[in-house]
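# Commentary on secondary and tertiary structure
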Amino acid sequence: MPTRTIDGQSLEVSNLDKVLYPATGTTKGEVIDYYVAIGAAMLPHMEGRPVTRKRWPNGVDHPAFFEKNLAKHAPKWLERKGIRHKDRIIEYPIIDSIVGLAWLGQQASLEIHVPQWRFDGDEMGPATRLVFDLDPGDGVGLPECARVAVAVRDMVSQIGLSAFPVTSGSKGIHVYVPLDRKLSPGGASTVAKQVASNLEKLMGDLVTATMAKTARSGKVFLDWSQNNPAKTTIAPYSMRGRDTPMVAAPRTWDEIEDGDTLTHLRFDEVLRRFERDGDLLTDLDPGSDSLEKYRSMRDPTKTPEPIPAQRPKVGTDTAFVIQEHHARRLHYDVRLERNGVLVSWAVPKGVPATTSENRLAVHTEDHPLEYLTFHGSIPKGEYGGGEMTIWDTGTYETEKWRDNEVIVRLHGDRVDGRFALIQTKGNQWLMHRMKDTPDPAAKYGRPTVEMPRGMAPMLATAGNVADLSADEWSFEAKWDGYRLIVEITGGEIKLLSRAGNVVTERYPALASLAEDLIDHDVVLDGEVVVFDKKGIPNFGLLQLGGADAEFLAFDLLYLDGTSLLRKKYVDRRRVLEALAAKSPSIVVPPLLEGTGAEALAHSAEQGWEGVVAKRKDSVYLSGKRAGTWIKSKNWRTQEVVIGGWRRGQGGRSGQIGALLAGIPSDDGLRYVGRIGTGFTDRTLQELAAKLGPLERKTSPFDEDLPTADRKDAVWVTPKLVGEVRFGEWTGSRRLRHPSWRGLRTDKSPDEVRFED
C-alpha cells in the first residue's frame, strides 16, 4: 500500500483517485490534501477533545455511518482516551497532529465532530467554550441566521464574553463563545439555554429555543443543547458530507452583518481565505505553547542552549536522552519526547540500577526536541549554569502515560529496561526500575521485535564538517541520487522514497537484493544512484530511468528480529559490513579516512556531491533531522518549485525555453529566477507533458516578475519540485547561473526551503 510521510510519521494511503463528491469530482486524495493544508488552523480547535467521525467510504451519494470507538487496526501512534458509556468504555482518538488529520481523510471521515470540553488527564474536563447552533426552519435561510448570530454576539458581550461565527457548511451558522471561567459539566448547557431563552423572548417572531420541530417553521432554532457534555458539534474547518465539498468555515462579523450576500464556502475557498487571512478563530482556542516557560527562563544572547521561537511540532514520541548535568549540584536530566517537546525530570542520584531502588525525580519545565543532542557549557549565573554532557540516548516505547504516572521501556547504550515515573506530590516524583516482562515469543525462538514498516529516514543538518575530528565522527560520501528505505522479508523487496511512496517498480535492478537476502528480514537505509562512464553518480542519468540504478547502503535499521535503531552508528555500521560480506548484492561504500577537512578534499577530487559526517555514538532517529549527522556539499544546489515557463526561441521554438522557479515563503511563492540550461531534448519533452495539465491563468508568485522574465510566460500551479546547480545568490536573492539537474519526485513543495 502506498505511504506518505507527514511530519516524520509514515501513513498508509489507498484509493487516492476515488471520487467522494461525484457532483464536483473531488477525490479522497484531495480531501487528505485539504486536511493537511488546513491542519495548522484546525488542530487548536480539536486539541484534547475526543473525535467522533462520520464516514462516507463510498462517497457522499452512498450511506454514511458514525464511528466513535477506535478500531484495533488504527495506527498505534494515534493518542486515544476512553469514555464510559453506560455499560462499556469507548476509546476515542485524540487528533493532535497533521498526520492524524490525514489519517481521518484516508478513512473518508469527511465530517469530524468534537464536544466543547477537553480532557483533563484521563477524565472529562470543564467546557472551554459555548456553541450555539442556528438552524433555519422552513421559509428562512442564512440571512435570517445571520441576524440571530449578531443578536447572540450582542447578548453575550453584555456579560463580557466575545463570540466567533462559523457558517456550518450545511444549513445554518454556529456561534462560538470562549469561556473565561470554569463551569460544571452541566453548567455550560445551563448558561447557553438561558441565552437562547432570553433571545426567544426578545425576538419571538424570528427565534425559537424549543426543541419541537413543529415550532421551527419560519424561525431560526437556537439550539443550545450541543453544550451538553454528551453532545458533539462539527469541528471548525471540517468538511461536510453534502453534495458539494462544503466546510464549517470561520467568518468575519462584517460578513455576517452583511447577511443578505452570505453563502456557504467550499474547501478550496476556505484554503484561499486561510492563506490570505490566517485563522479567524485564533482567540477562540489559542491553545498552549508548552515551551513558554522554558523560553522565559533563558536569554538566547547568554546561553548556547537551543531556544526555538516557533511552537513545537508533534513528532513520533520515541526518542529519549539522559544528560549528566554539573550544575549547582550534580544531577541527571531524564527527557522523554512527547507531543513535540521533551518532558523532563531532574534525578539527583541518577537512574535506578536495580528494582529495589526508588530515586527522587523532580519534574521540570518541558525542553525543545533540539535538546536531544545538546551538550556544552551553560554560563555561570544563567539558569542551570554548568557543564552538560550526554550520558545516554536512544529510543523508548510507552506502556502508560498519565498525568501522574508514566511507564516506559528505554533502549539506550547504558540503560535498557522498564521504568516507572510516579508523582508523589506537586513536582516531586519517584523513578522506579521495574521488572522486565518476558516475551513469550522468545521461548520458541521467534523474533522478539516486529519488523518496522514504512520508516522515514533520519536526516542530516546542513553545516561545515571541515572542523570535525576523526575521534568522534565518521565520514561518508554524500551521493548524488535518491534516498531509499529498503524493506526485505521472505524474499520480497519493498522500496520506499523519502516521502514514503512505494517505488519498487521504478528500480527493477534492485530485485537482486531480495534474492541475496532471502533468508533474512532486513531494513536498510541508503541511496539509489546511476554512475556515469567516469564512475561518478549522475543525477541526470538517474532521472532517465532506473534500469541501471544501483543501491548504496549506508545504514542497517533492523535485522532478523532485532531493532538496531538504539545502537551506536559504529555498531550498526559493523553489522551492516558483516551482512554485506555474505551478500554480494549489498554495496557498502567505504568510509572516508582522516578528518572532516580531509574527507571534503577527497570528495571534491572524486567529483562527489559532498560529505556526510556522523557522530560515532549517534542513534538512528527515524524521520528527524539531527545535529549528530552533518552534511556539507562541494557545490551549491537548491530545490525549487516550478511556477511557470517561458516559450523557447530559435532552436527551442515550440518548446520550453526556460523554467520560472520559486521557493515557498510565509507570503507565498517567492521568485528566485529562471532556469534555461541543463536540459536535454528528452527532459524538455517530459517537463512539457507534466506541466501541461497544471497550466493556469494567473501567476502563482507573490510578486510581479521582471518584464524580461514574464514575457511569453505560461503560468502553472506550483506542484512540481526540481533541483538546480548554481553559482551563488545575487543581492536580490536570485539564483546566479542556475542549471537544471532534474525533477525531485521524492519531494513535495512544502518541503522546499532556502538551503543556506
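The rules behind each value
- All chains use their own residue numbering, which begins from 1 and follows the written sequence.
- Reporting in this predicted model follows two pLDDT cut-offs: at least 70 for local features of residues, and 80 or more for side-chain atom pairs to be given and counted; totals over whole chains, interfaces and linings ignore these cut-offs and use all residues.
- Derived side-chain values reflect all non-hydrogen atoms in the structure, with water molecules and hydrogen atoms excluded from consideration.
- Per the convention used, a helix needs a DSSP run of H or I reaching at least four residues, while a strand needs a run of E reaching at least two, with both numbered from the N terminus.
- When we talk radius of gyration, it's over C-alpha atoms, and the globule rule is simply 2.2 Å times the number of residues to the 0.38.
- For every residue, the accessible area obtained with a 1.4 Å probe (protein chains only) is divided by the maximum for its type, and the residue is called buried under 20%, exposed over 50%, and partly exposed between those limits.
- Two residues form a contact once any of their heavy atoms are found within 4.5 Å.
- Note on areas: these come from Shrake-Rupley sampling with a 1.4 Å probe, and a residue is covered only by the protein chains present in the view.
- In this tally, Asp and Glu contribute negative charge and Lys and Arg positive charge; neither His nor the terminal groups of the chain are included.
- Charge positions come from single atoms, namely NZ of Lys, CZ of Arg, CG of Asp or CD of Glu.
- The criterion for strand pairing is that DSSP finds at least two bridges linking the strands in question.
- Only C-alpha atoms enter the line fits that serve as axes; for helices the fit covers just the stretch in contact. Angles between N-to-C directions range over 0 to 180 degrees.
- What is meant by a nonpolar core is a set of buried Ala, Val, Leu, Ile, Met, Phe, Trp, Tyr and Cys residues, joined one to another through side-chain atoms within 4.5 Å.
- What sets the label is the angle itself: under 35 degrees gives roughly parallel, over 145 gives roughly antiparallel, 65 to 115 gives roughly perpendicular, and the rest give oblique.
- What makes a crossing left-handed is the near helix being turned counterclockwise from the far one by less than a right angle; a clockwise turn instead makes it right-handed.
- Gly is put with the polar residues, along with every residue not named as nonpolar or charged; the nonpolar set is Ala, Val, Leu, Ile, Met, Phe, Trp, Tyr, Cys and Pro, and the charged set is Asp, Glu, Lys and Arg.
- Confidence per residue, as judged by the predictor, is encoded in pLDDT with a range of 0 to 100.
- Should a side-chain nitrogen of Lys or Arg be within 4 Å of a carboxyl oxygen of Asp or Glu, the pair is scored as a salt bridge.
- Two rings from Phe, Tyr or Trp (for Trp, the six-membered ring) form a pair when their centres are within 6.5 Å of each other. A pair whose planes differ by under 30 degrees is stacked, one over 60 is edge-to-face, and the rest are tilted.
- A ring has a charge above it when a Lys NZ or an Arg CZ is no more than 6 Å from the ring centre and no more than 35 degrees off the ring normal.
- One fewer than the residue count of a helix, multiplied by 1.5 Å, yields its expected span.
- In protein, a polar contact means a hydrogen-donor-capable atom and an acceptor-capable atom, both N or O and within 3.5 Å, with residues adjacent in sequence counting only if both atoms are side-chain atoms; elsewhere, any N or O pair within 3.5 Å suffices.

### Concerning the overall build of the chain
Regarding its fold elements, the chain presents 14 helices and 48 strands. On C-alpha atoms alone, the chain measures out to a radius of gyration of 29 Å, which is about the 27 Å that the 2.2 N^0.38 rule sets for 756 residues. Viewed in the frame of its principal axes, the chain has a C-alpha envelope of about 85 × 80 × 55 Å. When burial is assessed residue by residue, the chain has 52% of its 756 residues classed as buried. Taking contacts inside the chain between residues at least 6 apart in sequence as the whole, the part at least 24 apart equals 63%. With an accessible surface of roughly 34400 Å², the chain has 49% of that area assigned to carbon and sulfur atoms. For the chain, the centre of its 101 positive side-chain charges and the centre of its 106 negative side-chain charges are spaced 3 Å apart.

### With respect to the sheet that holds strand E38 (residues 610–615)
Sheet architecture is open: four strands sit in the order E31-E39-E38-E32, paired in mixed fashion. Lying at the two open borders of the sheet, with one neighbouring strand each, are strand E31 (459–462) and strand E32 (473–478). With direction set aside, neighbouring strand axes in the sheet form an average angle of 40 degrees. Pairing analysis gives five bridges linking E38 to strand E39 (residues 625–633), with the strands arranged antiparallel. Residue pairing across strands places Val611 opposite Ser632, the latter belonging to E39. Here helix H12 (residues 596–606) sits on the sheet in contact with E32, E38 and E39, set at roughly 150 degrees to E38.

### Let's talk about helix H2 (residues 98–106)
Among the nine residues of H2, nine are classified as buried, and the element is accordingly described as predominantly covered. All buried positions along H2 are accounted for by Ile98, Val99, Gly100, Leu101, Ala102, Trp103, Leu104, Gly105 and Gln106. Contacts made by the buried residues of H2 are with strand E1 (3–6), strand E2 (9–12), helix H1 (28–42), strand E5 (52–55) and strand E9 (109–114). Positive phi shows up at Ala108, right after H2, with a value of about 60 degrees.

### Looking at the nonpolar core
In a soluble, globular protein the nonpolar side chains are often hidden away together inside. Among the nonpolar cores identified, the biggest contains 42 residues, and Tyr34, Tyr35, Ile38, Met42, Met46, Leu101 and Ile112 are the most heavily contacted of them. For this core, the secondary-structure elements that each account for two or more residues are strand E3 (19–21), H1, H2, E9 and helix H6 (267–277). The greatest single-element share of this core, amounting to eight residues, is contributed by H1. Sequence-distant contacts of Tyr34, that is, excluding residues within four places in its chain, are made with Tyr237, Met239, Val247, Phe267, Val270 and Leu271. If you look at the next biggest cluster of nonpolar residues, it comprises 37 residues, including Val140, Val150, Val156 and Leu222.

### A look at the packing of H1 against H6
Following both chains from N to C, one finds H1 and H6 inclined at 30 degrees, their axes separated by 10 Å at the closest point. The orientation of H1 relative to H6 falls into the category roughly parallel. When you trace H1 past H6, the crossing you get is left-handed. Contacts between H1 and H6 pair Glu30, Tyr34, Ala37, Ile38, Ala40 and Ala41 from the former with Phe267, Val270, Leu271 and Phe274 from the latter. Within the contact of H1 with H6, the residues separate by chemical class into nine nonpolar, no polar and one charged.

### Details of the packing of H1 against H2
At a minimum axis distance of 8 Å, the contact between H1 and H2 shows a crossing angle of 150 degrees. Classed by the angle they form, the pair H1 and H2 counts as roughly antiparallel. In terms of crossing hand, the pair formed by H1 and H2 is right-handed. Contact with H1, carried on its side by Lys28, Val31, Ile32, Tyr35, Val36, Gly39, Ala40 and Met42, involves Ile98, Leu101, Ala102, Gly105 and Gln106 of H2 and no other residues of that element. Partitioning the contact of H1 with H2 into residue classes produces nine nonpolar, three polar and one charged.

### Re the confidence of the model for the chain
In the predicted model, the chain carries a mean pLDDT of 88, and the fraction of residues at 70 or more is 96%. Ignoring residues within four places in sequence, the model shows residues 439–447, a span with pLDDT below 50, making six contacts including any to other chains.

### Here we look at the pattern of salt bridges
Counted by the stated rule, this structure contains 46 salt bridges. Across the pair Arg4 and Asp33 runs a salt bridge whose closest N-O atoms are separated by 3.0 Å. Of this pair, Arg4 sits in strand E1 while Asp33 sits in helix H1; the two residues are 29 residues apart in sequence, bridging distant segments of the chain. What makes Arg4 partly exposed here is its relative accessible area of 25%. Residue Asp33 is classed as partly exposed on the basis of its relative accessible area, which comes to 40%. Connected via shared salt-bridge partners are Asp480, Glu723, Arg741, Arg744 and Asp746.

### Quick word on the packing of aromatic side chains
Scanning all chains against the criterion turns up 14 aromatic pairs. Between Trp117 and Phe119 the ring centres are 5.2 Å apart and the planes differ by 80 degrees, which places this aromatic pair in the edge-to-face class. Given the relative accessible area of 5%, Trp117 is considered buried. Taken together, the aromatic side chains of Tyr34, Tyr35 and Phe267 make up a single cluster linked through ring pairs. Sitting over the face of the ring of Trp473, Arg615 holds its NZ or CZ atom 5.8 Å from the ring centroid.

### Thoughts on the pairing of strand E42 (residues 668–675)
By the bridge criterion, seven bridges tie strand E41 (residues 656–665) to E42 in an arrangement that is antiparallel. In the strand pairing of E42, Ile663 is matched with Arg670. The antiparallel pairing of E41 with E42 creates a hairpin that spans two residues between the two strands.

### Points about the sheet that holds strand E6 (residues 65–67)
Within the open sheet, the four strands sit side by side as E6-E5-E9-E17. Their pairing is antiparallel. At either margin of the open sheet sits one strand with a lone partner, and together these are E6 and strand E17 (233–234).

### A closer look at helix H3 (residues 142–157)
For H3, which comprises 16 residues, the first-to-last C-alpha distance of 22 Å matches the rise-based estimate of 22 Å (1.5 Å per residue) to within 8%. Of all the positions in H3, only Leu142, Cys145, Ala146, Val148, Ala149, Val150, Ala151, Val152, Arg153, Met155 and Val156 are classed as buried. Along its buried surface, H3 packs onto strand E12 (129–136), strand E14 (173–178), helix H4 (187–202), strand E15 (207–208), strand E16 (220–223) and helix H5 (253–257).

### Details of unusual backbone geometry
Of note, Ala108 is a non-glycine position whose phi angle comes to about 60 degrees, a positive value. Counting through the fold element by element, Ala108 comes out in the loop between H2 and E9. Among the residues examined, Ala108 registers a relative accessible area of 3% and is labelled buried. Backbone geometry at Asp560 places phi at a positive 50 degrees, although glycine is not the residue there.

### Some thoughts on the environment of Glu111
By the element assignment, Glu111 lies in strand E9. Using a relative accessible area of 3% as the deciding quantity, one classes Glu111 as buried. Along the primary structure Glu111 and Lys54 are separated by 57 residues, whereas in three dimensions their C-alpha atoms are 5.1 Å apart. The residues contacting Glu111, other than those within four sequence positions of it, are Thr52, Arg53, Lys54, Trp56, Ile234, Ser238, Met239, Arg240 and Gly241.

### Focus on the side chain of Lys747
Assignment of secondary structure puts Lys747 in the segment after strand E48 (739–743). For Lys747, a relative accessible area of 12% corresponds to the buried category. Of the polar contacts made by the side chain of Lys747, one reaches the side chain of Glu639; its length is 2.3 Å. Among all residues touching Lys747, those that are not within four sequence positions of it are Arg498, Glu639 and Val721.

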